[in-house]
Amino acid sequence: MRVRTIKTNLIGCLTGCLLAFALPAHAQTLTEGEAVRMGLEVAAWRAWAEASMSEARHRTDATGLLDNPEFEFADESLDLPGGNTDRYFWLRQPLDLTGRNSLSRKSARAAEGVTAADIGLVERRRAKAIRGAFYRVIRHRREAEAIESWRERLAELGRAVTERVRAGDASRFDQLRIEREISLLDGRLAAGRAELHSARLRLFGVLESPPRTLTGRLLPGDPPSEAAVMAALQSHPEIRRLEAGAEA
C-alpha cells in the first residue's frame, strides 16, 4: 500500500512538472530577476556588448606592431667608358630598441579592461531601468485594483442609498453625491488602467517578449549586510574602470 502511494505521488509530481513546462511563456508569471535576465539577453544588447569588446581587442592586436618595411632601389650611371650602370637596393625596417611597443601593447590590454568596465556600467544601468519599469507596472496595477475595489464598495453603498431613497428614508442629495463620486472614480480608474497598459507595453517592449503577469512586492526586503555592501563596492564596474584606466 505504501509503495502504491509513493508511485501515485511520484506520478502526480511528474504530471505537474510536465504541465508547467507545457504552459506557454505568456501564461507564466514573471519575476523581477527573470525580467532582468531577459532584458540582458536581448539580441541587440548582446550584439552591442560583443561588438564593443571585439573592437577593443582589435585595437590591442593592432597596437605595438612594427612599421611596414620600406623597399627602395636606384640606378646610378658611372661616368666611365662603356656607360656602366649600377643598381642599388635598400630595405629599411625600424626596430623598437627602447621597449616602447611593448609598453603600448600593455597599455592597450589595460584599455580592454576600461571597455569591459564601461559595458558593465551600461549593463547595470539597463538592469536598473528594467527593475524600475517592472515595479512601475506593479504599482499601477495595485493602484488600479485599489480604485476598483473602492468603486465597488461605493457602488454597493449607492445601491443601498437608492433603496432608502425609494423608501423615503434618505434624501435624493445623498444619492446624487454618491453617483458623482462614482463618476470621479470611473475617470480615475480609466486613467489608471491606461497608465498600467502603457507601462506594460514599455516594459515588454524592452524585454522583446509577449506580455505576462508580473509577480513581486513593492516594499523592499531586508537591507544587505555591511560585508555584502563592501564586496559589491569593490567589484563595482566604476572601480574596475578607474583601476584599468590608471593602469592604461
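Now for a quick tour of the structure. (Residues numbered from 1 in each chain as written. Predicted model: local features only at pLDDT ≥ 70, side-chain atom pairs only at ≥ 80, totals over all residues. Heavy atoms only, no water.)

## A look at the packing of helix α3 (residues 43-62) against helix α4 (residues 100-167)
The criterion, for reference: Lines are fitted to the C-alpha atoms to define the axes, a helix being fitted only along its stretch in contact, and any angle between axes, read from their N-to-C directions, falls within 0 to 180 degrees. Under the DSSP-based scheme used, a helix requires at least four consecutive residues in state H or I and a strand at least two consecutive residues in state E, with every element numbered from the N terminus. Convention used here: angles under 35 degrees read as roughly parallel, angles over 145 as roughly antiparallel, angles from 65 to 115 as roughly perpendicular, and any remaining angle as oblique. A contact between two residues is defined here by any heavy atoms of the two lying within 4.5 Å. Polar here means any residue outside two lists: the nonpolar Ala, Val, Leu, Ile, Met, Phe, Trp, Tyr, Cys and Pro, and the charged Asp, Glu, Lys and Arg; Gly therefore counts as polar.
Interhelical geometry of α3 versus α4 gives an angle of 170° and a closest axis separation of 8 Å. One element, α3, and the other, α4, form an angle in the roughly antiparallel class. In this structure, α3 contributes Trp45, Trp48, Ala49, Ser52, Met53, Ala56, Arg57, Arg59 and Thr60 to the contact, and α4 contributes Arg105, Ala108, Arg109, Glu112, Thr115, Ala116, Ile119, Val122, Glu123 and Arg126. Classifying every residue of the contact of α3 with α4 gives nine nonpolar, three polar and seven charged.

## Details of unusual backbone geometry
Worth spelling out the cut-off: Here's how the labels work: a residue is buried when its accessible area is under 20% of the maximum for its type, exposed when over 50%, partly exposed in between, all with a 1.4 Å probe on protein chains only.
Its identity as a non-glycine residue notwithstanding, Glu208 has a phi of 55°, on the positive side. Mapping Glu208 onto the fold places it in the loop between α5 (172-207) and α6 (226-234). Classification of Glu208 as exposed rests on a relative accessible area of 55%.

## Some details on the side chain of Gln175
Rules: In protein, a polar contact requires one atom able to donate a hydrogen and another able to accept it; more generally it is a pair of N or O atoms within 3.5 Å, and residues adjacent in sequence count only if both atoms are side-chain atoms.
Along the polypeptide, Gln175 turns up in helix α5. Here Arg172 takes part through its side chain, which lies 2.6 Å from a polar atom of the side chain of Gln175. Ignoring any residue separated from it by four or fewer positions in sequence, one finds Gln175 in contact with Val161, Thr162 and Val165.

## What to know about the environment of Gly64
With respect to the secondary-structure elements, Gly64 resides in the loop between α3 and β1 (70-77). Put simply, Gly64 and Ser102 are 38 residues apart on the chain and 6.4 Å apart in space, counted from C-alpha to C-alpha. When neighbours within four sequence positions are excluded, Gly64 is seen to be in contact with Asn101 and Arg105.

## Considering the packing of aromatic side chains
We count it as follows: Only the six-membered ring of Trp is used, alongside the rings of Phe and Tyr, when aromatic pairs are assigned; centres must lie within 6.5 Å, and planes under 30 degrees apart are stacked while those over 60 apart are edge-to-face, with the rest tilted.
Following the criterion strictly, the structure yields three aromatic pairs and no others. Pairing Trp45 with Trp48 gives two aromatic rings, centres 5.4 Å apart and planes at 25°, and the pair type is stacked. Placement of the pair is Trp45 and Trp48 together in helix α3, with a separation of three residues, close to one helical turn. Its relative accessible area of 40% is what places Trp48 among the partly exposed residues.

## As for the pattern of salt bridges
For the record, the criterion: In the sections that follow, a salt bridge refers to a side-chain nitrogen of Lys or Arg positioned within 4 Å of a carboxyl oxygen of Asp or Glu.
Taken as a whole, this structure holds 12 salt bridges when the rule is applied. As a salt-bridge pair, Glu34 and Arg212 come within 3.4 Å of each other at their nearest N and O atoms. Placement of Glu34 in helix α2 (residues 32-40) and of Arg212 in the loop between α5 and α6 is noted, with a sequence separation of 178 residues between them. Take Arg212: its relative accessible area is 5%, and that puts it in the buried class. Asp118 is the partner of Arg241 in a salt bridge, and the nearest nitrogen-oxygen pair spans 2.4 Å. In this pair, Arg241 sits in helix α7 (residues 237-247) while Asp118 sits in helix α4, placing the two residues 123 residues apart along the sequence. Accessibility expressed as a relative area gives 31% for Arg241, which makes it partly exposed. The network of salt bridges with common partners includes Glu34, Arg37, Glu41 and Arg212.

## Examining the environment of Arg159
Looking at the secondary structure, you find Arg159 in helix α4. Look at Arg159 and you get exposed, because its relative accessible area is 53%. With 20 residues separating them in the primary sequence, Arg159 and Glu179 have C-alpha atoms 9.9 Å apart.

## Here's the deal with the side chain of Ser52
Here Ser52 shows up in helix α3. Classification of Ser52 as buried rests on a relative accessible area of 16%. Within the local environment of Ser52, its side chain forms a polar contact with the backbone oxygen of Trp48, the two atoms lying 2.9 Å apart. Setting aside its immediate chain neighbours within four residues, Ser52 contacts Thr115 and Ile119.

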